[in-house]
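# Architecture and fold: a report
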Amino acid sequence: MKHIRRMAWLAWVAILAGALSGCGKKDTGGSVVTEQEKGRFVEIREELPKELGAWNPRQIFSVDGRIHLLASKNEDGRTVFSEWAQQEEGFAETTQDWLASLELPCGEGMNFTLAQSGSGAQYLLATYMAEGEDAYSSHLWKSEGAQARDITPREWAVPNEEWGAYESVRGIAALEDGTLFALSYTSMSALSGEDGHILNSEQLPAQYSDILVSDGRDIYLCTEENMSMQIEKRETGKGSSAKIDFPTASSYGNLLGAGKDGTLIAASEDGIFRRDADGDAWEKLLDGLETDFALSDNWCTGLAVGEEGSIYALFQESGGGARLNRYTYDPDAVVEVKEELKLYTVYESPLLQQAAVLYHKEHPEIRIAIQYAYSAYSNENIDYNSVYQELNTLLMGEDAPDILVLDGLDMDSFIDKGLLVDIGTVVGPMEESGELLAGITGSYEREDGHRYIVPLQFGFQMAMGRDITEAEMASLEALAAFLSGAKENYLGPQTVSELVDKFYPYFCGDIVKEKRLDKEVLAGKLECLKRIADNCGMVDARGKGERAYTMWDLASGAKCAFDRVTGFKNCMFPISMVNYIQGSFAAYENSFLPLLQTGICAKSPYQDTARDFLMLALSERIQDTDHYLGFPVNVSSLEKQSREDRSQSQAYTSIEAEGSEVEFAIECYSQETADRLVDICKGLDKPAVEDAKIREVMIEALAAYLDGSQTTEATVQKIEDGLKMYLAE
């Protein structure tokens, strides 16, 4: 990926990470739990004042046990602030004059933090890009009567010599003695609370996260290393530090809070944990499944410890809006889980996690435990042999999954072995009522009328180009015909494997029918590949640092490229590129990429519950949220997502264009384009199919054919010979 302007990229990633803050963990399985003893922590939704509705709550913090909120809003292109404090009758506005006087020349900024010292002095940290400027910078103000005094350290106003941008401060904390601590992407600095000058500063390695909290005496940072977190407690009065293990293995959506007595509170999708100031172990107060922390359509922006040990969490919702939750001990509360269903998936998914959490909230007696093989954003190469081995072991044992999500696996083998049950009673009526995209889900109905799998999401391969029409790149045959007469190289040089990977999933299902190779269809596809290869030019291998053209190169070397798109937000980059080059795009082969292909295990004793859960997973309540990872198969959700405001997902980067590096904006596209995407999705009716053996044999057979030394007939025969035993199995 090209270099991305730091702050804009972080905004985009923050939204994405927020959408994933409820992702499941590697193994959440376990036996059925039955707890009838009274007394447990509970989650309670706190009512926010109606007057706060016009404001965007940005921060939660505690002052002498009272919960405070910092909120902002945009007025005529300028950002203004308000402070709200918890009273006996609810929250009331307590904005001091100095804060009310601040009007920042920007829209909603990247980071606003209000801090208060022991003497009552308040400080506002704001990181934003002012109108007319092209970079984000950080500013610091101190309360001074009715006025705000600018005490921004002069070092923050000087661009960094190495990468050109200003010091970008992620957070600030105030101690009781008035000392301030500021955390940037490169350093930790102690500041004078009087005039903001830097008392001392130290460089920090990249693995430090955004977390910076204080109990009034000491500060706490978090480091992320090898997908795990540690808390670093810095005893400012003693000049010493200590390491504390974070209580969960999760690396996403972790929050930390500190009480005045040094008690630490940690929270993530795994649950809420407490560690006493003089303790050496964490106590789990509440399981993540019992909380909004596990939901994937919101993310928590902060924790605060209130009076009598209550914990407060401020959440932002993906559709806009905020909510405040309180976590407190209820001596009369009980939990009784009678059924626990196990869900196995190759890939972690926020949609599955959302469904599991909401199902448990509606049915407290039922828990859906998710086990996944790979993170949604894992960079690892998927080892399907290991996945098969793990899954087969589970299916043979007493802990067989009740629900299976089989992306990347041979689903027919599971069906042929009788391992899946018919789910037509769930999917059929939803198709007939128009709730589901029948072109997507209906393709899983078998000739005997049964269906065993349904995809919960999908994507498609977007073909993009300049000086080529939509129709000319919408299919293999059309593209081959166009490139046969083209004088310019459109796709750039390709290796055999790159060419096969680009095209074979969209004809793989056409060349093999009922375990027989259709040689006539295969010959036609090979001839198309030969014409495309003649235009591209073939290379034996890539040199160090070389790669095939992608959509990144459409403004420079490439004139046609393909990109897998998985949602309206995910489409922002490729469509911005199409708009930049004044080109066009199409859904290649009118094919869809099935995602979260879900079935119910025949061994499950909870098949009715599993069907009920599947119905929820297909409903608007689960499908409405755009997680970047797939379009919804629910028609109403598809249409709702197309109308969403995607302005918070905009970002900036740089690309090569006409021999130089230029700034490139990843912007919102028009509603007309969004409507076109909806029409495309509604028209998709052909699943892309991948088969590792077919891919392997084609790559082996095509090298000689594409360089002209082997005939079409000989190549077809070579492929048939290579697949004969495989297809006969």
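Our structure's up above, just so we're on the same page.
Residues numbered from 1 in each chain as written. Predicted model: local features only at pLDDT ≥ 70, side-chain atom pairs only at ≥ 80, totals over all residues. Heavy atoms only, no water.

End to end, helix α18 (residues 712-728) covers 24 Å across 17 residues, agreeing with the expected 24 Å (1.5 Å per residue, within 8%). The largest bend in α18 is about 40°, located at Gly722. Listed as buried for α18 are Thr712, Thr715, Val716, Ile719, Leu723 and Leu727. Elements that come into contact with the buried residues of α18 comprise β31 (512-513), β32 (516-517), α11 (519-536) and α17 (692-706). (Helix = DSSP H or I, 4+ residues; strand = E, 2+ residues; numbered from the N terminus. Expected span 1.5 Å × (residues − 1). Bend = angle between axes of the 7 residues up to and from the residue. Buried < 20%, exposed > 50% of the residue type's maximum accessible area, 1.4 Å probe, protein only. Contact = heavy atoms within 4.5 Å.)

What follows covers the pairing of strand β21 (residues 271-275). Counting buried residues in β21 gives 4 out of 5 residues, a clear majority hidden from the surface. As defined by bridge partners, strand β20 (residues 264-268) adjoins β21 across 5 bridges and the pair is classed as antiparallel. The residue of β21 that forms the bridge with Ala267 is Ile272. Linking β20 to β21, which pair antiparallel, is a turn of 2 residues. Where β21 meets strand β22 (residues 283-287), 4 bridges bridge the pair, whose relative direction is antiparallel. (Pairing = 2+ DSSP bridges.)

What follows concerns the nonpolar core. Nonpolar side chains tend toward joint burial in soluble globular proteins. Residues Phe460 and Leu618 are the most contacted members of the largest nonpolar core, which totals 94 residues. Sorting elements by how many residues they give to this core places helix α3 (residues 350-362) first, with 7 residues. The residues contacting Phe460, other than those within four sequence positions of it, are Asp563, Arg564, Val565, Ala587, Ser591, Leu593, Phe631, Leu677, Ile680, Cys681 and Leu684. In this structure, Ala480, Tyr490, Val500 and Leu723 belong to the second largest nonpolar core, which totals 44 residues. (Core = buried A, V, L, I, M, F, W, Y, C linked by side-chain atoms within 4.5 Å.)

Okay, the state of the cysteines next. Counted under the stated rule, the structure contains 0 disulfides. In this structure Cys528 is not part of a disulfide, and its nearest cysteine sulfur, from Cys536, lies 13 Å away. Relative accessible area serves as the criterion here: at 3%, Cys528 is assigned to the buried category. Left unpaired, Cys571 is separated from the closest cysteine sulfur, that of Cys681, by 7.5 Å. (Disulfide = S-S within 2.5 Å.)

Working definition: two side chains of opposite charge can pair if their charged atoms are close together. In total, this model carries 44 salt bridges according to the counting rule given. The closest approach of N and O atoms between Glu43 and Lys361, which form a salt bridge, is 3.2 Å. Of this pair, Glu43 sits in strand β2 (residues 40-46) while Lys361 sits in helix α3, placing them 318 residues apart in sequence. Residue Glu43 is classed as partly exposed on the basis of its relative accessible area, which comes to 24%. Between Glu720 and Lys519 there is a salt bridge, with the nearest N and O atoms lying 3.7 Å from each other. Taken together, the positions of Glu720 in helix α18 and Lys519 in helix α11 put the pair 201 residues apart, joining distant regions of the chain. The exposure class of Lys519 is partly exposed, given its relative accessible area of 40%. Through salt bridges with shared partners, a single network forms among Glu43, Arg45, Asp292, Glu317, Arg323 and Lys361. (Salt bridge = Lys/Arg side-chain N within 4 Å of Asp/Glu carboxyl O.)

With that out of the way, let us pick up the sheet that holds strand β12 (residues 180-184). Sheets are built from strands that pair by backbone hydrogen bonding, the pairs being arranged parallel or antiparallel. Across the sheet, 4 strands lie side by side as β11-β12-β13-β14; this open sheet has antiparallel pairing. Whereas interior strands pair on both sides, the edge strands pair on one side only; in this sheet they are β11 (169-174) and β14 (198-203). The sheet shows a mean angle of 15° between the axes of neighbouring strands, direction not considered. Sheet analysis places β12 next to strand β13 (residues 187-191), joined by 4 bridges and oriented antiparallel. (Axes fitted to C-alpha atoms, helices over the stretch in contact; angles between N-to-C directions.)

With that settled, consider the packing of aromatic side chains. Counted under the stated rule, the structure contains 17 aromatic pairs. On the numbers, 6.5 Å between centres and 15° between planes, the contact of Tyr388 with Phe414 is stacked. Here Phe414 lies in helix α5 (residues 411-416) and Tyr388 lies in helix α4 (residues 384-396), a separation of 26 residues in the sequence. Each member of the aromatic cluster is reached from another via a ring pair, and the members are Phe458, Phe460, Phe568 and Phe631. (Phe/Tyr/Trp six-rings, centres within 6.5 Å; stacked < 30°, edge-to-face > 60°.)

Tracing the backbone through its elements, the reader meets Asn200 in strand β14. Here the alpha-carbon distance between Asn200 and Ala242, two residues 42 residues apart in the chain, equals 20 Å. When neighbours within four sequence positions are excluded, Asn200 is seen to be in contact with Met188, Ser189 and Ala190.

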